[in-house]
Amino acid sequence: MKIEIIKKQQSGLAKIDFNNLQFGDTFSDHMITMDYHDQCWKTPTIKPYGAFELFPGNCYLHYGQAVFEGLKAFKTPNGKINIFRPDAHYQRLNNSSQRLCIPKMDYDTFIKPLTQLLQIDSAWIPDKKGCSLYIRPVIFATDNFIGVKISDTYTYFVITSPVGAYYKGGLMPTRLTTSGEHVRTIKGILGEAKTPANYAASLLPQEIAKKNGFSQVLWLDGIEKQYIDEVGTANVFFLIGDELITPPLDGSILAGITRDSIITLAKDWGITVCERRISIDEVFESAKQNTLKEIFSTGTAVVISPVGEIEHNGKSIVINNNEIGHLSQRLYDEITAIQYGEKEDRFGWCLTI
Ligand code: PLP
Ligand code: COI
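Just so we're clear, the structure is a prediction, and the values are computed from it rather than from any experiment.

Asks: When you look at the site of ligand 1 in this model, what are you seeing that I'm missing?
Replies: Not every one of the 16 residues close to ligand 1 is listed here, only the nearest: Arg92, Tyr199, Glu230, Thr258 and Thr300. A distance of 2.7 Å separates an oxygen atom of ligand 1 from a polar atom in the side chain of Arg92. A distance of 2.6 Å separates an oxygen atom of ligand 1 from a polar side-chain atom of Thr300. Contact with the protein chains hides 97% of the accessible area of ligand 1, taken as 380 Å² for the molecule alone. Of all the secondary-structure elements, those providing two or more residues to the shell around ligand 1 are α5 (257–268) and β16 (292–299). Classifying every residue of the shell around ligand 1 by side-chain character gives four nonpolar, eight polar and four charged.

Asks: Teacher, can you tell me more about the site of ligand 2 here?
Replies: Around ligand 2 sit Phe23, Gly70, Tyr134, Arg136, Tyr166, Lys194, Tyr199, Thr233, Thr300 and Ala301, and those are all the residues in its vicinity. Here an oxygen atom of ligand 2 and a backbone polar atom of Ala301 are 2.8 Å apart. Bound to the protein, ligand 2 loses 88% of the 280 Å² it would expose on its own. Partitioning the shell around ligand 2 into residue classes produces five nonpolar, three polar and two charged. Three or more residues apiece are contributed to the shell around ligand 2 by two domains, here domain 1 (4–164) and domain 2 (174–338).

Asks: Got a minute to help me understand the domain arrangement of the protein in this structure?
Replies: Examined at the domain level, the protein breaks down into domain 1 (4–164) and domain 2 (174–338). For domain 1 versus domain 2, the separation of C-alpha centres amounts to 27 Å. Taken together, the 21 residues of domain 1 in the interface contact 21 residues of domain 2. Here domain 1 packs against domain 2, burying approximately 1700 Å² in sum over the two surfaces, 60% of which is carbon and sulfur. Our enumeration of links across domain 1 and domain 2 arrives at one salt bridge. Salt-bridge contacts for Arg85 lead to Asp260; the nearest nitrogen and oxygen are separated by 2.9 Å.

Asks: I tried to follow the packing of aromatic side chains on my own but got confused; where do I start?
Replies: Pairs of aromatic rings are described using the distance from one ring centre to the other and the angle between the two planes. Tallying each qualifying case throughout the model produces 18 aromatic pairs. Between Phe23 and Tyr166, the ring centres sit 4.8 Å apart and the planes meet at 80 degrees, which makes this aromatic pair edge-to-face. Here Phe23, found in the loop between β1 (4–5) and β2 (30–37), pairs with Tyr166, found in the loop between β9 (154–163) and β10 (174–177); they are 143 residues apart in sequence, far enough to count as distant. Phe23 gets classed as partly exposed once you look at its relative accessible area, which sits at 25%. The exposure class of Tyr166 is partly exposed, given its relative accessible area of 30%. Members of the aromatic cluster, joined through ring pairs, are Tyr36, Trp41, Tyr154 and Tyr156. Stacked on the ring of Trp269, the Lys or Arg Arg330 has its end atom at 3.6 Å from the ring centre.

Asks: Honestly, the side chain of Ser96 in this entry has me stumped. Any pointers?
Replies: Position of Ser96 among the secondary structure elements: in helix α2 (residues 86–99). By relative accessible area, Ser96 is classed as buried at 1%. Excluding residues that lie within four positions of it along the chain, Ser96 makes contacts with Val67, Ala193 and Lys194.

Asks: Can you walk me through the packing of α5 against helix α7 (residues 326–339) in this structure?
Replies: Packed helices, taken two at a time, are described by the angle their axes make and the gap between the axes. With their axes 11 Å apart at the nearest point, α5 and α7 run at an angle of 110 degrees to one another. With respect to each other, α5 and α7 are oriented roughly perpendicular. The way α5 lies across α7 gives a crossing that is right-handed. Between α5 and α7, the residues in contact are Thr258, Ser261, Ile262 and Leu265 and Leu331, Glu334, Ile335 and Ile338, respectively.

Asks: What exactly am I supposed to notice about a nonpolar patch on the surface here?
Replies: Together, Phe52, Leu54 and Leu61 line one region of the surface with nonpolar side chains, adding up to about 260 Å² of accessible area. By the secondary structure assignment, Phe52 is in the loop between β4 (45–48) and α1 (59–63). We classify Phe52 as partly exposed; its relative accessible area is 35%.

Rules of the game
Throughout this document, residue positions are counted from 1 along each chain, in the order its sequence is written. Going through the entries in the order they are written, you letter the chains from A and number the ligands from 1. Under the rules for a predicted model, residues below a pLDDT of 70 receive no local features and side-chain atom pairs below 80 are neither given nor counted, while totals for whole chains, interfaces and linings still include all residues. Excluding hydrogens and water, the side-chain values take into account all heavy atoms of the structure. For this purpose, a residue is taken to be near a molecule or strand whenever a single non-hydrogen atom of the residue falls within 4 Å of it. Polar contacts, as used here, are pairs of N or O atoms within 3.5 Å; protein pairs need one atom able to donate a hydrogen and one able to accept it. Residues neighboring in sequence count only if both atoms are side-chain atoms. Using a 1.4 Å probe, the Shrake-Rupley method yields the accessible areas, and only the shown protein chains count as cover for residues. Strands here are runs of E lasting at least two residues and helices are runs of H or I lasting at least four, both read from the DSSP assignment and numbered beginning at the N terminus. Residues are grouped as follows: Ala, Val, Leu, Ile, Met, Phe, Trp, Tyr, Cys and Pro are nonpolar; Asp, Glu, Lys and Arg are charged; all remaining types, including Gly, are polar. Either an automatic procedure or a domain database provided the assignment from which the domain bounds are taken. We call two residues in contact when some of their heavy atoms are within 4.5 Å. Here the buried area means the combined drop in accessible surface, using a 1.4 Å probe, for two parts upon being joined, counting both sides. A pairing counts as a salt bridge when a side-chain nitrogen of Lys or Arg comes within 4 Å of a carboxyl oxygen of Asp or Glu. A pair of aromatic rings is counted whenever rings of Phe, Tyr or Trp (Trp by its six-membered ring) have centres within 6.5 Å, and the orientation is called stacked for planes under 30 degrees apart, edge-to-face for over 60 and tilted otherwise. Each residue's exposure class comes from its accessible area (1.4 Å probe, protein chains only) as a fraction of the maximum for that residue type: buried when under 20%, exposed when over 50%, partly exposed otherwise. Two limits define a charge over a ring: the Lys NZ or Arg CZ must be within 6 Å of the ring centre, and within 35 degrees of the ring normal. Lines fitted to the C-alpha atoms define the axes, with helices restricted to the stretch that makes contact. Angles between their N-to-C directions range from 0 to 180 degrees. Roughly parallel refers to an angle under 35 degrees, roughly antiparallel to one over 145, roughly perpendicular to one between 65 and 115, and oblique to any angle outside these ranges. Left-handed describes a crossing in which the near helix is turned anticlockwise from the far one by less than a right angle; the clockwise case is right-handed. Only residues whose relative accessible area exceeds 30% and that form no salt bridge enter a patch; like-charged residues are grouped when within 9 Å of one another, and nonpolar side chains (Val, Leu, Ile, Met, Phe, Trp, Tyr) when within 5 Å.

Put into structure tokens, the structure is as follows:
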């Protein structure tokens, strides 16, 4: 496969403080871009990170026809690079594309430029535990046309960003609140696609939650406002009694790849995992009955994030004394050990380059 490469003259690496990485404000030297027109994806280019030129009539700017992904690369103790579950992220990118009427791409077109980009910018992958290189592939429509229609042309790009923990406190219990006023989605809209509109819908409720001292919104279903969907940027699990419960993939939530990894690990450890609807009332009732042991959210950016408190309709519950639960910690340790290449990758999740 042909890949055009234009190297940056002077790396920005020296300006980066790798001991103080935040999430998402730093970009590596190079990016991938690739255009789609005349019904096919063209030659990908790896070039210096830089701005795009867009026409004001760009249909993405008007109607939001775009999809994206978020995955991570890690430095292993022997200096190799582990990309975590790129095949699953590729598959979900295509699933999202299908919902947004965006042309699919084949796996080689996704993975070959990506592995080359990571090799070129390998010095940008932090080697400190807890840090990683966040990879953000995006496809957006580029027709210069303001009637509402499916675009005939697209741009795919991949940027990467060395990141620390998503939350400033790292692996610390978070406070979540339900939203009385807003819903994120309902089945049949866009909830199961990774597309900007879902995040646009979450901004105002997220801001309200933040002002009230919460880290994220715990989304309830958009119809009955009873059943738990997911957290702002993550899926969610409840350890009640000896059962690990997580909402099912019913079309309204994102099919998290961390969610799938956690289900696999928990089952492998002999834990009963139930993918079923769970209502906020059931969660509050289990707290009352003292059977609610742990709640945690899962996602590429947050990894595992313990939940210490939930507020709903003016009432709140504290979970596990607002401390990191035993299972949350064990899952965090296991998944990160596999990602950083410290433990055998027995499920074949990492692509090592
Ligand atoms: N749900 C939403 C809305 C998300 O933004 C994310 C993050 O990507 C997730 C769930 C978790 O998905 P994954 O584990 O694949 O990162
Ligand atoms: C991720 O976890 O990869 C996300 O996409 C979350 C967020 C940064 C949008």
